[in-house]
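Coordinates in review
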2 protein chains.
Amino acid sequence: MFSQSEENYIKAIYHLATVSDKGISTNAIAKKLTTKASSVTDMIKKLSDKKVLVYKKYQGVTLTDFGKRTAANIIRKHRLWEVFLVEKLNFTWDEVHEVAEQLEHIKSPKLIDELDSFLGHPKRDPHGDPIPDKEGNLPQIQKSLLSTLEKNEKGVCVGVNDTSSEFLRFLDKQEIGLGKNIEVLDKEPFDDSFLVKINGKEMTISNKVANNIYIQKN
Amino acid sequence: MFSQSEENYIKAIYHLATVSDKGISTNAIAKKLTTKASSVTDMIKKLSDKKVLVYKKYQGVTLTDFGKRTAANIIRKHRLWEVFLVEKLNFTWDEVHEVAEQLEHIKSPKLIDELDSFLGHPKRDPHGDPIPDKEGNLPQIQKSLLSTLEKNEKGVCVGVNDTSSEFLRFLDKQEIGLGKNIEVLDKEPFDDSFLVKINGKEMTISNKVANNIYIQKN
DNA sequence: AATAATTTTTAGACTAGACTAAAAATTATT
DNA sequence: AATAATTTTTAGTCTAGTCTAAAAATTATT
Ligand SMILES: [Mn+2]
Ligand SMILES: [Mn+2]
Ligand SMILES: [Mn+2]
Ligand SMILES: [Mn+2]
């Protein structure tokens, strides 16, 4: 059994590993968890003893299979709770993360199994992120950042990169959300902004915004 | 904001106060939380500083109004989660307590408000215990221990005193549960056992069991 | 290859919350 | 009223998790 703090480290390392593929550095973990490198060193020694990860001094860390399964399970809980909050308790997608950060640490296998069936075995959370199954398998979906699309390419919005409340509320205001059809009408070389049509409506989108929206092309 | 540990102390003291009405002793708290008296002394000093309770050395403690409201809020969360687990997630009444002990510490006013309406503003938890409202008011119901009933008195089972899994599963096996009609047919002076009729079925019940079942007389 | 900059680890300190053992206060018993 | 038993507090220790400051190792730059 892991403490909340240990679980937060495991999850952070897992997320960092999905984007970097080599050993995760002490500093990267510290930044992600807004803690100090010295604290991270202490904790990764402990997690190494517990066979969650492999650690060699100055070399960064890599999760073991056990560590990956543990991480996937925490993420599964986090995302299922997010679905619950949105689908059943009238939360908006910008409100769920903070609460899910707490709920993901509740220990009860039955609870999470039952929650999963109560919600109808959802495949994705309110931000479009896939929900790992009980074995920790995480279905990867084919998606591209809007910013990488060429003129005249089109697709459906399937996810966001930035999940901050600020960004999500901005998307709400612009009526951009999961499932919306998006077509790149033009790209402006001057500031790399995009002229897009979203569900029939034309608008201009900054590069920063386009860099945080995932599209499944069609 | 209180830590989980602080919340557990506050709740324990609140529960002890409902049965004792004078200052709650260090030892009583230690026993309830299966911790040591010295740990309790440390914690009640802290809770006294935080205006949760009034503490004078060697005199035991009393919750302030603020402390009582805080306790009622934790109990509200605990019991609403228990309802959720039974009503929505197929938990039995002997399985919910352990998980509710964790869920009661989740911090989110919106979560608990929404959960309350999602459940249809339930008045009692799966063990028959009343659910405090948002202001911390706890409706008291007129109930008597089955062991205090006289011959020929009858009523409805509305609660249990012992909420251990063992006792609850025993009740399930005997088909005793909330809402069942119970009539005392006879009392046996030799061992203070009871001959009762429960929903039409006659059975003998030990004094120990009768001491843990609440009846609303009719 | 040497030096500078950066990253990582170590050493030592702090807090919350727990514990044991001993001292002090209270309560019960003679 | 004195003594014994019990309860409560204090003093000191421990662990988990964090921090700062300094030392050590690695990486980048000249
Ligand atoms: Mn989230
Ligand atoms: Mn999410
Ligand atoms: Mn309970
Ligand atoms: Mn209950």
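Before any of the text, the structure's been laid out above.
Note that the coordinates shown come from a computational prediction; the quantities given were computed from them, not determined experimentally.

1. A word on the coordination of the manganese ion (ligand 4)
All names here are of chain B. Here the manganese ion (ligand 4) is held by the protein donor atoms Glu 82 (OE), Asp 125 (OD) and His 127 (ND1), which lie 2.1 to 2.3 Å from it. Ordering the donors of the manganese ion (ligand 4) by residue number gives the pattern E-x42-D-x1-H. The metal-metal distance between the manganese ion (ligand 4) and the manganese ion (ligand 3) is 3.5 Å, with Glu 82 serving as a donor to both. On the criterion of sequence distance, the pair formed by Glu 82 in helix H4 (residues 65-89) and His 127 in the loop between helix H6 (109-118) and strand S3 (144-145) is long-range, its members being 45 residues apart. Under the relative-accessibility criterion, Glu 82 is labelled buried at 1%.

2. Notes on the pairing of strand S6 (residues 193-198) of chain A
Along a regular strand, successive side chains alternate from one face of the sheet to the other. All names here are of chain A. Here strand S5 (residues 181-188) pairs with S6 via six bridges, running antiparallel. The residue bridging Ile 182 from the neighbouring strand is Ile 198, located in S6. In this antiparallel pair of consecutive strands, S5 and S6, the connection spans four residues, and Asp 192 shows a positive phi of 55°. Where S6 and strand S7 (residues 201-205) come together, five bridges link them in antiparallel fashion. Pairing of Leu 195 across the sheet is with Thr 204, part of S7. Following S6, the chain reverses through two residues before pairing antiparallel with S7; Asn 199 in that reversal takes a positive phi of roughly 45°.

3. So, helix H4 (residues 65-89) of chain A
An ideal rise of 1.5 Å per residue puts 36 Å on 25 residues; H4(A) measures up with 35 Å between its terminal C-alpha atoms. A positive phi of about 60° marks A:Asn90, the residue just after H4(A).

4. Structural notes on the packing of helix H1 (residues 4-20) of chain A against H4(A)
All names here are of chain A. Where H1 meets H4, the axes come as close as 9 Å, and the angle between the chain directions of the two elements is 100°. It follows that H1 is roughly perpendicular to H4 by the angle criterion. For the pair H1 and H4, contact is made by Glu 7, Ile 10, Lys 11, Tyr 14 and His 15 and by Gly 67, Lys 68, Thr 70, Ala 71, Ile 74, Ile 75, His 78 and Arg 79, respectively. Among the residues forming the contact of H1 with H4, the class breakdown is five nonpolar, four polar and four charged.

5. Some thoughts on the relation of the copies chain A and chain B
Each copy superposes on the other: chain A lies on chain B with an RMSD of 0.0 Å after a rotation of 180° and an axial shift of 0.0 Å. Taken together, the rotation and translation describe the operation of a two-fold axis. Nearest to the rotation axis, the C-alpha of A:Leu103 is located 3.8 Å from it, this being the minimum over chain A. Looking at chain A, 100% of its interface residues are interface residues in chain B too, so the copies touch through the same face.

6. Description of the sheet that holds S7(A)
Residues and elements named next belong to chain A. In space, the six strands of this open sheet follow the order S3-S8-S4-S5-S6-S7, with antiparallel pairing throughout. Strands with a single pairing partner mark the edges of an open sheet, and in this sheet they are strand S3 (144-145) and S7. As paired strands, S3 and strand S8 (residues 213-217) are joined by two bridges and run antiparallel to one another. If you follow Ser 144 over to S8, its bridge partner there is Ile 215.

7. Brief notes about the coordination of the manganese ion (ligand 3)
On the protein side, the manganese ion (ligand 3) has B:His78 (NE2), B:Glu82 (OE) and B:His97 (ND1) as donor atoms, found 2.0 to 2.1 Å from it. In the primary structure, the donors to the manganese ion (ligand 3) are separated according to the pattern H-x3-E-x14-H.

8. Some remarks on the protein's contact with DNA strand D
Looking at DNA strand D, there are 20 residues lining it, with A:Ser3, A:Lys46, B:Lys45, B:Tyr55 and B:Lys57 nearest. Counted by atom, the contact set of DNA strand D within 4 Å of the protein is 76% sugar and phosphate. One nitrogen or oxygen atom from the side chain of A:Tyr9 is found 3.4 Å from a phosphate oxygen belonging to DNA strand D. Note that a phosphate oxygen of DNA strand D is positioned 2.6 Å from one of the side-chain N or O atoms of A:Thr35. Elements that contribute at least two residues to the surface near DNA strand D include exactly H1 and helix H3 (37-49) of chain A together with helix H2 (26-32) and helix H3 (37-49) of chain B.

9. Examining the sheet that holds strand S5 (residues 181-188) of chain B
Strands in a sheet are paired, the pairing made by backbone hydrogen bonds, and the direction either parallel or antiparallel. Judged by pairing direction, the sheet is antiparallel, and its six strands sit side by side in the order S3-S8-S4-S5-S6-S7 (chain B) without closing on themselves. Only two strands of the sheet have a single neighbouring strand rather than two, namely S3 and strand S7 (201-205) of chain B.

10. Some words on the pattern of salt bridges
If you walk through the whole model with that rule in mind, you get 28 salt bridges over all chains. Salt-bridge contacts for B:Arg76 lead to B:Asp116; the nearest nitrogen and oxygen are separated by 3.3 Å. Taken together, the residues span a long stretch of sequence, with B:Arg76 in helix H4 and B:Asp116 in helix H6 at a distance of 40 residues. Grouping residues by exposure puts B:Arg76 and B:Asp116 together as buried. Where salt bridges share partners, they join A:Glu6, A:Lys46 and A:Lys50 into one cluster.

11. Side note on the interface of chain A and chain B
Contact residues are listed per partner, giving 21 residues for chain A and 21 residues for chain B. Summing the contributions of chain A and of chain B, the shared interface buries around 1700 Å²; its carbon and sulfur component is 70%. Where chain A meets chain B, there are two salt bridges. For the side of chain A that touches chain B, the secondary-structure elements that each account for two or more residues are H4, helix H5 (96-103) and helix H6 (109-118) of chain A. Here the residues of the side of chain A that touches chain B are counted per class, giving 11 nonpolar, five polar and five charged.

12. Details of the nonpolar core
Grouped together as the largest cluster of nonpolar side chains are 32 residues, with contacts concentrated most on A:Phe84, A:Leu85, A:Leu115, B:Phe84, B:Leu85 and B:Leu115. Where this core is concerned, the elements lending two or more residues are H4, H5 and H6 of chain A together with H4, helix H5 (96-103) and H6 of chain B. With sequence-adjacent residues up to four places away left out, A:Leu85 is seen in contact with A:Asn90, A:Phe91, A:Val96, A:Val99, A:Ala100, A:Leu103 and B:Leu111.

13. Concerning the protein's contact with DNA strand C
Around DNA strand C, the structure places 20 residues, and the nearest of them are A:Lys45, A:Tyr55, A:Lys57, B:Ser3 and B:Lys46. Per the 4 Å cut-off to the protein, sugar and phosphate atoms form 80% of the nearby atoms of DNA strand C. A distance of 2.5 Å is found between a phosphate oxygen of DNA strand C and a side-chain nitrogen or oxygen belonging to A:Lys45. One nitrogen or oxygen atom from the side chain of B:Ser38 is found 2.9 Å from a base oxygen belonging to DNA strand C. For the surface near DNA strand C, the per-class residue count stands at five nonpolar, 10 polar and five charged.

Reading the values: the criteria
- Residues numbered from 1 in each chain as written.
- Chains lettered and ligands numbered in written order.
- Predicted model: local features only at pLDDT ≥ 70, side-chain atom pairs only at ≥ 80, totals over all residues.
- Heavy atoms only, no water.
- Donors = N, O, S within 2.8 Å, 3.2 Å for Na, K, Ca; no water.
- Helix = DSSP H or I, 4+ residues; strand = E, 2+ residues; numbered from the N terminus.
- Buried < 20%, exposed > 50% of the residue type's maximum accessible area, 1.4 Å probe, protein only.
- Pairing = 2+ DSSP bridges.
- Expected span 1.5 Å × (residues − 1).
- Axes fitted to C-alpha atoms, helices over the stretch in contact; angles between N-to-C directions.
- Parallel < 35°, antiparallel > 145°, perpendicular 65-115°, else oblique.
- Contact = heavy atoms within 4.5 Å.
- Nonpolar A, V, L, I, M, F, W, Y, C, P; charged D, E, K, R; others polar.
- Least-squares fit on C-alpha atoms with pLDDT ≥ 70 in both.
- Near = heavy atom within 4 Å.
- Polar contact = N/O pair within 3.5 Å; in protein donor to acceptor, adjacent residues only side chain to side chain.
- Salt bridge = Lys/Arg side-chain N within 4 Å of Asp/Glu carboxyl O.
- Buried area = accessible area lost by both parts, 1.4 Å probe.
- Core = buried A, V, L, I, M, F, W, Y, C linked by side-chain atoms within 4.5 Å.

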